[in-house]
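Chains, contacts and geometry: an overview
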Amino acid sequence: MKIFAIADTHLSGFPPSKPMSVFGAQWLNHWEKIQSDWISRVNSDDAVLLAGDISWAMKLEQAIVDLDAIASLPGRKFLIRGNHEHWWQSLSKMNTAIGNRLTFIQNNYADLGDFAVCGSRGWLCPGDPAFKQADEHIYQRELGRVKNSLEAARSAGHKRIILMLHYPPLYKNEPSGFTQLFTEFAVEICVYGHLHDEAIKTAPQGNFNGTMLHLVSCDALDFKLKQIV
């Protein structure tokens, strides 16, 4: 089994109601590029982690067309919420709406054999200049959700953990509550998205105190999946 990751697909129906090419020529036909790479590399027993900002939809019923498109592709798909995921509802509502063809992670984990996949949206970290006092309670809430997910995996006996976040787990190289959880739960791999354009160049990647960090925003990957295992 191979494990791939990608984030920020930003789908909006077919044809798209919000074409991503408004953000630059590199985004022209971006979903077609992703699908082509996905179909050529992913087998039915592989896993694909989608680290948030999957659909621009505002309501779950509007997101179904985008979720169906993902569900129809090869492999098992695991999703977390991004900052634009306004359609996100309770796990039971989403599972019913998509017929359990996708796995949504929130306060839980997914069993991938050797690995447990944990995750939550995350948030701005206190070291980020954009972090304001109003962000503190959201940051603490997301730390709690990530810890719930990690504890669920540990309680089930999993020792090898992949953590999905949407936001970066730290700003530059400053430790955060998320990186403390890396250490506490011996997280092997963390994938995240959210960063685009110039921010891609300074994104934290590689080994951080024993955890491998991977930025998987689709434009950072030239609209291809990244194989992480």
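Residues numbered from 1 in each chain as written. Predicted model: local features only at pLDDT ≥ 70, side-chain atom pairs only at ≥ 80, totals over all residues. Heavy atoms only, no water.

Where an unreviewed UniProt entry is consulted, the protein appears under the name Calcineurin-like phosphoesterase domain-containing protein, with the organism given as Anaerospora hongkongensis.

Contact pair helix α4 (residues 136–155) / helix α5 (residues 177–184): the axes reach a minimum separation of 10 Å and the direction vectors enclose 15°. For the element pair α4 / α5, the angle class is roughly parallel. The element α4 and its partner α5 pack so that their crossing is right-handed. Residues Tyr-139, Glu-142, Leu-143, Val-146, Lys-147 and Leu-150 of α4 form the contact with α5, whose participating residues are Gly-177, Phe-178, Leu-181 and Glu-184. Residues of the contact of α4 with α5, tallied by class, amount to six nonpolar, one polar and three charged. (Axes fitted to C-alpha atoms, helices over the stretch in contact; angles between N-to-C directions. Helix = DSSP H or I, 4+ residues; strand = E, 2+ residues; numbered from the N terminus. Parallel < 35°, antiparallel > 145°, perpendicular 65-115°, else oblique. Left-handed = near helix turned anticlockwise from the far one by under 90°. Contact = heavy atoms within 4.5 Å. Nonpolar A, V, L, I, M, F, W, Y, C, P; charged D, E, K, R; others polar.)

Let us now look at the packing of aromatic side chains. Aromatic ring pairs are reported here in terms of the distance separating the ring centres and the angle at which the planes meet. Scanning all chains against the criterion turns up six aromatic pairs. Their ring planes at 85° and their centres at 5.6 Å tell us that Tyr-139 and Phe-178 sit as a pair that is edge-to-face. Separated by 39 residues along the polypeptide, Tyr-139 in helix α4 and Phe-178 in helix α5 bring together distant segments of the chain. Classification of Tyr-139 as buried rests on a relative accessible area of 5%. (Phe/Tyr/Trp six-rings, centres within 6.5 Å; stacked < 30°, edge-to-face > 60°. Buried < 20%, exposed > 50% of the residue type's maximum accessible area, 1.4 Å probe, protein only.)

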